[in-house]
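In case you want the letters, here they are:
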Number of protein chains: 4
Amino acid sequence: MAVLPMKLNVGLVGGTGYTGVELLRLLAQHPNATLRCITSRKDAGTPVGDFFPSLRGHPALDRLAFCTPDEADPTECDVVFFATPHGVAMAQAETLTAANTKIIDLAADFRLQDPAEFERWYNMPHACPHLLKEAVYGLPEVNREAIRQARIVGNPGCYPTAVQLGFLPLLEANLVDAGNLIADCKSGVSGAGRKAEMSIIFPEAADNFAAYGVAGHRHHPEIKQGLRRMSKQQVQLTFTPHLAPMIRGIFATLYATLTDDSVDVQALFERRYAHEPFVDVLPAGKLPDTRSVRASNMVRIAVARRPHGVTVLVVEDNLVKGAAGQAVQNMNLMFGLPETTGLTALPVSP
Amino acid sequence: MAVLPMKLNVGLVGGTGYTGVELLRLLAQHPNATLRCITSRKDAGTPVGDFFPSLRGHPALDRLAFCTPDEADPTECDVVFFATPHGVAMAQAETLTAANTKIIDLAADFRLQDPAEFERWYNMPHACPHLLKEAVYGLPEVNREAIRQARIVGNPGCYPTAVQLGFLPLLEANLVDAGNLIADCKSGVSGAGRKAEMSIIFPEAADNFAAYGVAGHRHHPEIKQGLRRMSKQQVQLTFTPHLAPMIRGIFATLYATLTDDSVDVQALFERRYAHEPFVDVLPAGKLPDTRSVRASNMVRIAVARRPHGVTVLVVEDNLVKGAAGQAVQNMNLMFGLPETTGLTALPVSP
Amino acid sequence: MAVLPMKLNVGLVGGTGYTGVELLRLLAQHPNATLRCITSRKDAGTPVGDFFPSLRGHPALDRLAFCTPDEADPTECDVVFFATPHGVAMAQAETLTAANTKIIDLAADFRLQDPAEFERWYNMPHACPHLLKEAVYGLPEVNREAIRQARIVGNPGCYPTAVQLGFLPLLEANLVDAGNLIADCKSGVSGAGRKAEMSIIFPEAADNFAAYGVAGHRHHPEIKQGLRRMSKQQVQLTFTPHLAPMIRGIFATLYATLTDDSVDVQALFERRYAHEPFVDVLPAGKLPDTRSVRASNMVRIAVARRPHGVTVLVVEDNLVKGAAGQAVQNMNLMFGLPETTGLTALPVSP
Amino acid sequence: MAVLPMKLNVGLVGGTGYTGVELLRLLAQHPNATLRCITSRKDAGTPVGDFFPSLRGHPALDRLAFCTPDEADPTECDVVFFATPHGVAMAQAETLTAANTKIIDLAADFRLQDPAEFERWYNMPHACPHLLKEAVYGLPEVNREAIRQARIVGNPGCYPTAVQLGFLPLLEANLVDAGNLIADCKSGVSGAGRKAEMSIIFPEAADNFAAYGVAGHRHHPEIKQGLRRMSKQQVQLTFTPHLAPMIRGIFATLYATLTDDSVDVQALFERRYAHEPFVDVLPAGKLPDTRSVRASNMVRIAVARRPHGVTVLVVEDNLVKGAAGQAVQNMNLMFGLPETTGLTALPVSP
């Protein structure tokens, strides 16, 4: 007797941004997911394919239209993804968890474990500090077992994913001076979201390279929280985000001072990530580029020694491993599916 | 005795868009222009260099800040450029001309000679039809003498400049079927203006190619008006604008059916433009590209024969010859300066 | 009892270009294909993942390295794809067909049915005119039944696919003047192939738009051959290829004069392509863009009426429907698999 | 009596690369330069405008064609620029200096003062170590007086210019730990030169971000030599070059640890560069972007404090201040012209 594959009823709140459309792309092709509803107050009634012509004609999406939050009952879903502005997921978390619906929030509501820290950076009090306490930070390479048990996952930000995975083996092994870490990060423009803002229109952002958020970026406390957990030392991080003229991709160049000069960092990284399906440590001497992970959930990492120090180079697709792909990876874990389900598509290059 | 060079007092109304900053760039370097005032209600008080960091530190701009229309008295200027939305120039035209101040409008107020046509496309009645009547369409290659005498110049749109210059020799010589003209045009994204619009943010416009305005574009009647004047026949034009993922540049590919197959179109174009300082007819067999005119006032044209037909390929920088550069060219003519003054900078390539 | 899925042994000759890597991407994810060998004289011995880091770590490719033609025996394959320069496939066609191995050639060896025409455009005599006679032109929307029976398929070029699909409904229905067709085409730079050529290095091709091949392009006779078969009239085509600063994508803007002004072209196109899995006719008023098909096998088409004429706008991904994807579609047909197998991945956008 | 302006006879050896065409652009518009000859063995006989269509029709270039080294007598020039591969300038230096012709080399022959160091990095012995000894490193902000007296100037590399100007005020004032300097640099693709190389063709370099030369880059010893001269301490530098998908521009993000936490670095930088015509220190809180200096000789610098450290952000156009513009600046100094002559053109933005 053939066993029918598990079919999860999936809801998506706020599907009109870039993480939203990327979730639609991944979930429509996921063998165990059935998209039940996708809400957008502003675009209710619009078929998904009218909004994103790239999705036209797909059987899993064809009859799907955006609906208002009132038309949908997300509690009928097994899991709901929030691809919304900060603050939306925490307002619905109580109701959903009470109905046994799991939550994966791609915004920041469940990333910072300290409600005061959340309030400082997002200018609103946290709506459900008790649920925040049980929420799990969805970085599988660090928290896999906790994610399997979680009812609420705070999906990591794009920069934090790259930076944490790059520093992880070094901090866990206590091999670098955690008090002097530098993360020089470059992001494609889709990282700014699907927003009509002057600074990201094509003639402003194309053929140009800029720094931003040097004085303070919301991903800074998230990264620091993660690094602190990995490290036995006090953590001090300099984080410089830059905007590169490309659509997708994050390139993180990380600098740390080694406390033990004799360590074989290449071997360390290879060992740490040997069984990680989505972390590829490049052979010594090879350097990564962002297109080698374009549209895929893969992270590629290279390490380079320098006198008393190490440079770690990390690439990811900010919309996949940095957002929607990692969210699906978390869903797979939360429901006991093979972790790579629906995430094996090869990168698109060139 | 040395004669002091003529110094024109120049005003700029609405200097925060792309044609505005391009006018600033050109006028700051123009030996006969002194920028007196630049108005922007929204950004009044902001120094020009704060708004456009590329202009920081230039002696002609250093002490210049945007001011409100009330703080400036444009009638003290010899000439005022309008780099504003449609409708602004015509509201001030009466006052300025009465004060003997000349007007160069980079919007559409003085392009379409028929007020009804203007109203149909711009959804507002024309404010000064009597001044519209005397206004001159600022395409020097067609209207040079009239521009010299003009008090008001309607500066041509970017597409219309390229398309008219491409068809001009053929229509003047009555060598093509004017009832079946096709202009397949590709524009860089700056042609859409400096506006926070979703469709032109980098992740939407980059690595992408799109058509738009196929059902009707405001430049269509302007082009047709120009072609009609050149031609002895009825004119029928198909105009298809496209958006190309580049900052500047227009590439117009024009198709016409020859009525006389024996004509040497290469020689025709070379002859017609032999003395035009800003039209470069490429040698037979060479094809143009937009970067060969980037940041310059030059137009380059190639012609290619095909059975019974001719293909004309035209490139221009939409912000220079398609806007600010042509406006300065018109100013030079209106004040008896050598036509190329301030416009001889070489294209920037690569 | 479960029936094991058919597994085709697949060979790839010449896998180091863009159509090669795209075939690898598609075939690695195809449920009925097993990659047996991939030859490249120059890069023999190099693992595929070293050459294309985007393919690192995929189970179907992990143990695959390029080999010399001598190390591989392609006759052991069920089908061999040629992603080679022109002239290679025809040299091996005799041997392969004799061994009952089917051939899908992505170069031009089996596209032009007239050997003299082939010789004129490719400067070499055809090596096997008798096999050329039986070869089938692999445009499924036109030749589906013949492809199912074919031993050799000449896979269409990128431009020819877009242009033929755009004119097809009009010519079949004999509704336009076939003696005056215009195809104004814009291609991403990957269409030029993976070649170290000065004209396509980034600083030359970026932020630039150029025409090329106006005097004659090898795709011209291929397109004309296709259009001639569809039409009852003499065909005259003007074909202008342009290079747009994007990686992938073809945008074809087609112009034709209607012989019957009363026809509903929108309905005509919708009817003609109603059952085509990879042709999407957009609703009236919508216009396509290339990113809506990026990395997918989909073609999207819009039609727009104009006085006495019709403009057809076609987008495709030149590496997928314009090359590797269409080749896989042909393989599916030749082996009785569902036509869309392995080709259902959604476009990647943004 | 009017004094005629000084007219320098200028030669250019090797004018077919990007620094060559940029020199042509700048020198053609320089009021005191007359281009006498431009040599290129490979392209001798080709008019400059055929090679670089952007230069077509300029009076100073119109009659200029590339010539072979034998046809030109560079010793008739007052100054010769070398925009050649490494090794060419040093082979002609003896002859030229003997003829009283000054030399500005844009390659590396006269950058590294230690001939052994030169040999190590460029794999050739230095041809004239005695001339190397008198050659001056052409960074005016450091060496202005020496440049005025120089017969031979080694024009700095693009990365070295940005990195040295960024660290200069800090090292001169001995305020940072010179033993732990980090330069994370991002360059536009034109920095790789005008070469037909696979790694920089558009489909490889566009929409992509990559690191390279992490294990060792030829600019590293040049930067270190410069920093060593500025510093009283031992210098240790980590230099990570990256390739960004843009045509021009260098963005250098520099990290240093402050030895004195109380210093006002903003004031330090403003003071140091107050009288430099081509260094613009941005107001506190502002961050630079590369387009704000596109096609101009300006460098813009921002400084940002962080706990115990400082981040310096520097932008320049790699082809202007990073190559041809700085070379012209050096020429102006060597011949007693005002330093900014021919270099005042405003940046092109957008």
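Position numbers for residues count from 1 along each chain, tracking the sequence in the order it is written. Going through the entries in the order they are written, you letter the chains from A and number the ligands from 1. The predicted origin of the model limits local features to residues at a pLDDT of at least 70 and limits the giving and counting of side-chain atom pairs to 80 or more, whereas totals for whole chains, interfaces and linings rest on all residues. Processing note: side-chain calculations cover all non-hydrogen atoms of the structure and skip hydrogens and water entirely.

In this section: the relation of the copies chain A and chain B. Mapping chain A onto chain B calls for a screw motion: a turn of 180° about the axis and a shift of 0.0 Å along it, with 0.0 Å RMSD after fitting. The superposition operator between the copies reduces to a two-fold rotation axis. Contact between two residues is taken to exist if any of their heavy atoms lie within 4.5 Å; hydrogens are not considered. Most of the interface of chain A is mirrored in chain B: 100% of its interface residues are interface residues there too. We place the copies in one frame by least squares, fitting the C-alpha atoms of every residue whose pLDDT is at least 70 in both.

Okay, the sheet that holds strand β2 (residues 33–39) of chain B next. Pairing between the strands of a sheet is mediated by backbone hydrogen bonds and can be parallel or antiparallel. All names here are of chain B. Taken in spatial order, the 6 strands of this open sheet run β2-β1-β3-β4-β6-β5, and their pairing is parallel. Each having just a single partner strand, β2 and β5 (136–137) make up the two edges of the open sheet. We treat two strands as partners when DSSP finds at least two bridges between them. For helices the rule is a DSSP run of H or I covering at least 4 residues; for strands it is a run of E covering at least 2, with both sets numbered from the N terminus onward. Looking at chain direction, strand β1 (residues 8–13) and strand β3 (residues 79–82) are connected through 4 bridges and run parallel. Opposite Gly 11, over in β3, you have Val 80 as the bridge partner. Note on method: axes are straight lines fitted to C-alpha atoms, helices fitted across the in-contact stretch only, with angles between N-to-C directions ranging 0 to 180 degrees. This element, helix α11 (residues 320–334), spans β1, β2, β3, β4 (102–105) and β6 (152–154) of the sheet and lies at about 160° to β4.

Aromatic ring pairs are reported here in terms of the distance separating the ring centres and the angle at which the planes meet. Note on aromatic pairs: the rings of Phe, Tyr and Trp (six-membered ring only in Trp) are paired at centre separations within 6.5 Å, and the planes decide the class, stacked below 30 degrees, edge-to-face beyond 60, tilted for the rest. Inspection of the entire model under this criterion finds 28 aromatic pairs over all chains. Here C:Tyr159 and C:Phe239 contribute two aromatic rings whose centre-to-centre distance is 5.2 Å and whose plane-to-plane angle is 75°, an arrangement assigned as edge-to-face. Of this pair, C:Tyr159 sits in helix α7 (residues 158–172) while C:Phe239 is found in strand β9 (residues 237–243), placing the two residues 80 residues apart along the sequence. Take C:Tyr159 and C:Phe239: they sit in the same class, and that class is buried. Each member of the aromatic cluster is reached from another via a ring pair, and the members are A:Phe209, A:Phe251, D:Phe209 and D:Phe251. Only protein chains enter the area calculation, which uses a 1.4 Å probe; residues under 20% of their type maximum are buried, those over 50% are exposed, and those in between are partly exposed.

Moving on, we come to the sheet that holds strand β8 (residues 210–211) of chain B. Residues and elements named next belong to chain B. Read across the open sheet, the 7 strands follow the order β8-β9-β7-β10-β13-β12-β11; overall the sheet is mixed. The open sheet has two edge strands, β8 and β11 (279–281), and neither has a second partner. Both strand β12 (residues 299–306) and strand β13 (residues 309–316) contribute to a ladder of 7 bridges, which runs antiparallel. Opposite Arg 300, over in β13, you have Val 315 as the bridge partner.

One frequently used descriptor of interface size is the decrease in accessible area upon assembly of the parts. Across the boundary between the two partners, chain D contributes 39 residues, which contact 39 residues of chain A. Summing the contributions of chain D and of chain A, the shared interface buries around 3,100 Å²; its carbon and sulfur component is 56%. The quantity reported as buried area is the accessible area (1.4 Å probe) lost by two parts once they are put together, taken as the sum for both. Taken as a group, D:Asp207, D:Phe209 and D:Tyr255 account for 20% of the area that chain D buries against chain A, more than any other trio of residues on that side. Its salt-bridge partner being A:Lys186, residue D:Asp184 comes within 3.0 Å of it at the nearest N-O pair. If you list the elements that add at least two residues to the side of chain D that touches chain A, you get β7 (181–187), α8 (202–205), β8 (210–211), β9 (237–243), β10 (250–257), β12 (299–306) and β13 (309–316) of chain D. Looking at the side of chain D that touches chain A residue by residue, the class counts come to 20 nonpolar, 10 polar and 9 charged. Salt bridge, as used here: a side-chain nitrogen of Lys or Arg that lies within 4 Å of a carboxyl oxygen of Asp or Glu. Amino acids outside the nonpolar list (Ala, Val, Leu, Ile, Met, Phe, Trp, Tyr, Cys, Pro) and the charged list (Asp, Glu, Lys, Arg) are all regarded as polar, and Gly is one of them.

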